[in-house]
Amino acid sequence: MEPIKSINQIQCLIAEIKNLRKGFLTNYYLDPFKHQVWINHNDFLFERINESLFLIRKTPDYCNLFYCTTNIEELLSALSLFDNIHHDLFPIIDVVGSEEQCVPIINQFKKNGYSVYVKLARMSRVTPLENTNFIDPHVVSATVEDVSIIRGQLLEYFDARSEQIPYQEELNEYAKGNRILVYKEMGEIRGFVIFESNRSTHYLRYWFVHPDHREKKIGSALLNTFLREGKNTRRQLFWVITDNGNAIKRYRHYGFQFENMKDYVMCKNLNKSVQGGGKSLICYSLLNNFQIAA
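Predicted model, so just to flag it, every value in this text is computed and none were measured.

**Q** Which residues make up unusual backbone geometry, and what are the values?
**A** Despite not being glycine, N178 has its phi angle at roughly 55 degrees, a positive value. Within the element layout of this structure, N178 appears in the loop between α7 (168-176) and β9 (180-185). You can call N178 partly exposed: its relative accessible area is 44%. A positive phi angle, close to 60 degrees, is found at E215, a residue other than glycine. By secondary structure assignment, the location of E215 is in the loop between β11 (201-209) and α8 (218-229).

**Q** With reference to specific residues and values, describe helix α2 (residues 32-40).
**A** Buried within α2 we find K34, H35, V37, W38 and I39. Residues of α2 that are buried make contact with α1 (7-18), β3 (44-49), β4 (52-58), β5 (63-69), α7 and β11.

**Q** Could you give me a rundown of the pairing of β11, with the residues and numbers involved?
**A** Most of β11 sits inside the fold, with 9 of its 9 residues counted as buried. Bridging between strand β10 (residues 188-197) and β11 involves 7 bridges; their strand directions are antiparallel. Following the sheet pairing, V193 is matched in β11 by W207. Two successive antiparallel strands, β10 and β11, enclose a turn made up of 3 residues. Following the backbone out of β11, through α8 and into the adjacent parallel strand β12 (residues 235-241), one traces a crossover that is right-handed.

What counts, and where the lines are drawn
Residues numbered from 1 in each chain as written. Predicted model: local features only at pLDDT ≥ 70, side-chain atom pairs only at ≥ 80, totals over all residues. Heavy atoms only, no water. Helix = DSSP H or I, 4+ residues; strand = E, 2+ residues; numbered from the N terminus. Buried < 20%, exposed > 50% of the residue type's maximum accessible area, 1.4 Å probe, protein only. Contact = heavy atoms within 4.5 Å. Pairing = 2+ DSSP bridges. Right-handed = clockwise from strand over helix to strand, strands pointing away.

Written as structure tokens, this is what we have:
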């Protein structure tokens, strides 16, 4: 593996696979700001094996593995070689698409010794025509000074292996862009939402209420404010862990329905050990891998 030195290098490496003109299959989508942060932290590497390019984001305990390849057969062949070379790594790979698209790929990955770590599904709703005027004075935009507390709660209560916790620099940008809402009372952050938004899509990345302050309508105050912020977009969506029944129940209450879009987080050599206990109000950070309007 070699370190990635620039965004331009990533683009050139991907172009090499595309220029083979034998097909193109990937689970990687470029986010220039985010991936530059990874580069700055010396956490982003690459390896080329035959017709496959692997992009590797390393952490002390595991790695997120992204691929660009010509077809599934070539990918599995290259992946087998990669695993043999780097048997000390604990790779995590996302397989995303409709159920019909995912199942054959998952079955092939299982033959390479991978297993499903967690399954997620996308839920969405068309933005209602009527505007919500919900206002709660406790819900305000986060400041950069709030970011360290928010990141600490993300690390403590979310499963970093499947949810790719943002770096401090990423959260700073979210705060500067008014894309983090916090519920503050007596100077304490008791919950937050983090989101992305463009003209067509309002995308919820994280929705969290501290365990000490649940059942106080803090979650609904945060979500209603998030929905109000997206009143001018066409649709609102997020990804949810499929066994997170408490969150799904809440989302259905607001009119969200499942789409036929799934994300299977596959892993190898990694025991399932979820960090923290905050899963009742957790959304998955899929934006790290896939386009917001995918």
